[in-house]
Amino acid sequence: MVWQTQLTLAPRPRGFHIITEEIRQALAGSRQRSQANMPQMNSPQSNIPKTGLLHIFIQHTSASLAINESADPSVRRDFEAHFNRMVPEDPSLFEHTLEGSDDMTSHLKSSMLGQSVTVPITNGSLNLGTWQGIWLCEHRNRGGSRRLILTVIGE
Amino acid sequence: MVWQTQLTLAPRPRGFHIITEEIRQALAGSRQRSQANMPQMNSPQSNIPKTGLLHIFIQHTSASLAINESADPSVRRDFEAHFNRMVPEDPSLFEHTLEGSDDMTSHLKSSMLGQSVTVPITNGSLNLGTWQGIWLCEHRNRGGSRRLILTVIGE
Amino acid sequence: MVWQTQLTLAPRPRGFHIITEEIRQALAGSRQRSQANMPQMNSPQSNIPKTGLLHIFIQHTSASLAINESADPSVRRDFEAHFNRMVPEDPSLFEHTLEGSDDMTSHLKSSMLGQSVTVPITNGSLNLGTWQGIWLCEHRNRGGSRRLILTVIGE
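Rules used throughout
Throughout, a residue's number is its position along its own chain's written sequence, starting from 1. For this description, chains carry letters from A and ligands carry numbers from 1, given in the order in which they are written. Owing to the predicted nature of the model, reporting of local features is limited to residues with pLDDT of at least 70; listing and counting of side-chain atom pairs is limited to 80 or more, with chain, interface and lining totals taken over all residues. Excluding hydrogens and water, the side-chain values take into account all heavy atoms of the structure. Only residues with pLDDT of at least 70 in both copies count here: their C-alpha atoms drive the least-squares fit that superposes the copies. Contacts between residues were defined by any pair of non-hydrogen atoms, one from each residue, lying within 4.5 Å. Every angle, taken between N-to-C directions, lies between 0 and 180 degrees, and every axis is a line fitted to C-alpha atoms, over only the stretch in contact when it is a helix. Helix and strand definitions here come from DSSP, where helices need a minimum of 4 consecutive H or I residues and strands a minimum of 2 consecutive E residues; each element is numbered from the N-terminal end. Each crossing gets its handedness from the near helix: less than a right angle anticlockwise from the far helix is left-handed, clockwise is right-handed. Here the term charged refers only to Asp, Glu, Lys and Arg, the term nonpolar to Ala, Val, Leu, Ile, Met, Phe, Trp, Tyr, Cys and Pro, and the term polar to all other amino acids, Gly among them. DSSP-based pairing: two strands are paired if at least 2 bridges between them are found. Exposure is judged per residue with a 1.4 Å probe applied to protein chains only, and the accessible area is read against the type maximum: over 50% gives exposed, under 20% gives buried, and values in between give partly exposed.

Asker: Just checking my understanding: could you explain the relation of the copies chain A and chain C for this structure?
Answerer: Both copies of the chain are related by one operation, a rotation about an axis with a shift along it. Placing chain A over chain C gives an RMSD of 0.0 Å and needs a rotation angle of 120°, together with 0.0 Å of translation along the axis. Between the two chains, the operation in question is that of a three-fold axis. Minimal C-alpha separation from the rotation axis in chain A is found for A:Met112, amounting to 3.5 Å. Comparing contact sets, just 9% of the residues at the interface of chain A also lie at the interface in chain C, consistent with a heterologous contact between different surfaces.

Asker: Explain the packing of helix H2 (residues 73-86) of chain A against helix H3 (residues 103-113) of chain A here, please?
Answerer: Two quantities define a packed helix pair, namely the angle between the helix axes and the distance between the axes. Residues and elements named next belong to chain A. Direction vectors running N to C along H2 and H3 enclose 115°, while the axes themselves pass 11 Å from each other. Here the hand of the crossing between H2 and H3 comes out right-handed. Between H2, through Phe83, Asn84 and Met86, and H3, the contact on the second element is made entirely by Lys109, Met112 and Leu113. Residue composition of the contact of H2 with H3, grouped by class: four nonpolar, one polar and one charged.

Asker: Quick question: what am I supposed to make of the sheet that holds strand S8 (residues 146-154) of chain B here?
Answerer: Two pairing modes exist for strands in a sheet, parallel and antiparallel, and in both the strands are linked by backbone hydrogen bonds. All names here are of chain B. Pairing in this open sheet of five strands is antiparallel, and the strands run S1-S8-S3-S5-S6 from one edge to the other. At either margin of the open sheet sits one strand with a lone partner, and together these are strand S1 (2-9) and strand S6 (125-126). Here two bridges tie strand S5 (residues 116-122) to S6, and the two strands are oriented antiparallel to one another. Bridged to Thr122 within S6 is Ser125.

Asker: I keep staring at the environment of A:Thr5 and nothing clicks. Help me out?
Answerer: Residues and elements named next belong to chain A. Structurally, the position occupied by Thr5 is in strand S1 (residues 2-9). Thr5 sits in the buried class, given a relative accessible area of 16%. Between the C-alpha atoms of Thr5 and Leu27, which are 22 residues apart in sequence, the distance is 8.5 Å.

Following this line, the structure appears as structure tokens:
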């Protein structure tokens, strides 16, 4: 089975944010809609395979996705500080500066972290490690809402 | 359905290059070949699923793939400049220097950006964001031609 | 077909390690178990598809996976040295320091390299390039054993 949906995230401030529950709800919401539309299916998880992969893709070039520590908020603050040191917001270093000093640095940070993450699905659930959460990495000062495409493949 | 092909990219100079159209043509070319071989199939998109994923893999350790801004060439020049600052081509820093001063730095850059990208397919097309393009990141001075494996999974 | 297994790697010292053979053995072991359980299947590769993808996921936030050069050990030593320069182990730079000076730096390195790699499967084998190997990137001084989830999708 292949299943896909679009998820629009509300705007968040610049920084690193846990979105694991929003992802889980998007998968669960699909189940509820599926049950309403297809009453012949008895399983409460008819749209989530027992075994497979969830691919999450962000359709933007100045925000990214990662999987990292979900317990201590200081980890996410340290990410923001480290990436600001590693990719300094200094317009004299860049040609592409018309859209603000946080624009080119956001393109760079987003490719260093990546536009997608893929998570195994085991027994119908995301098989994350104990301390792992899914992160939205918002690199812009005012990035606005962000659009994700979730694709599930499995059986 | 699962479909796979190999795509060899012509040599490009060191730097960051948009290859979205070459990827799309490789997918379309497969459709044409498929139609020639299988005249019983009426759909012009018989080899591209309606919904699924395209995985693109580069079979090299000194070039990489990314998804980023496709409109302004200055973004790609700024990537080249930034990665050269972040991974300085200074042989005194490295042991692995026999293949030239751009070799070890290319291995490092390629793992920071990654050997593959995965793009959702929606309604039979790559579901990229408005500003997103697929990039070949050529880190070597003379990298030669580069070989990609494209794998499509969907239904 | 979709197939999944868990692979626990023995503890390794901090640094970059090739694990390609352990991955191949986990896939081959599944074939042997499959043959024992399903004597009606004649193919020695019944659990490995002819064409598809292998997704490898590490369930940790202080170690990561990469695909890079498999021949010369100095490449892996240069990775360790470079990542230590790029992400300096200086507690004065971080808030999250209670678990040791190598903890926050490990979280950062693991997201720069990533929690998963995906490899094409062609003719029933991993379709890696000539010089490519799969790496475990152990960022902690004493990371202990590391758990991977392998998922194969194909046909």
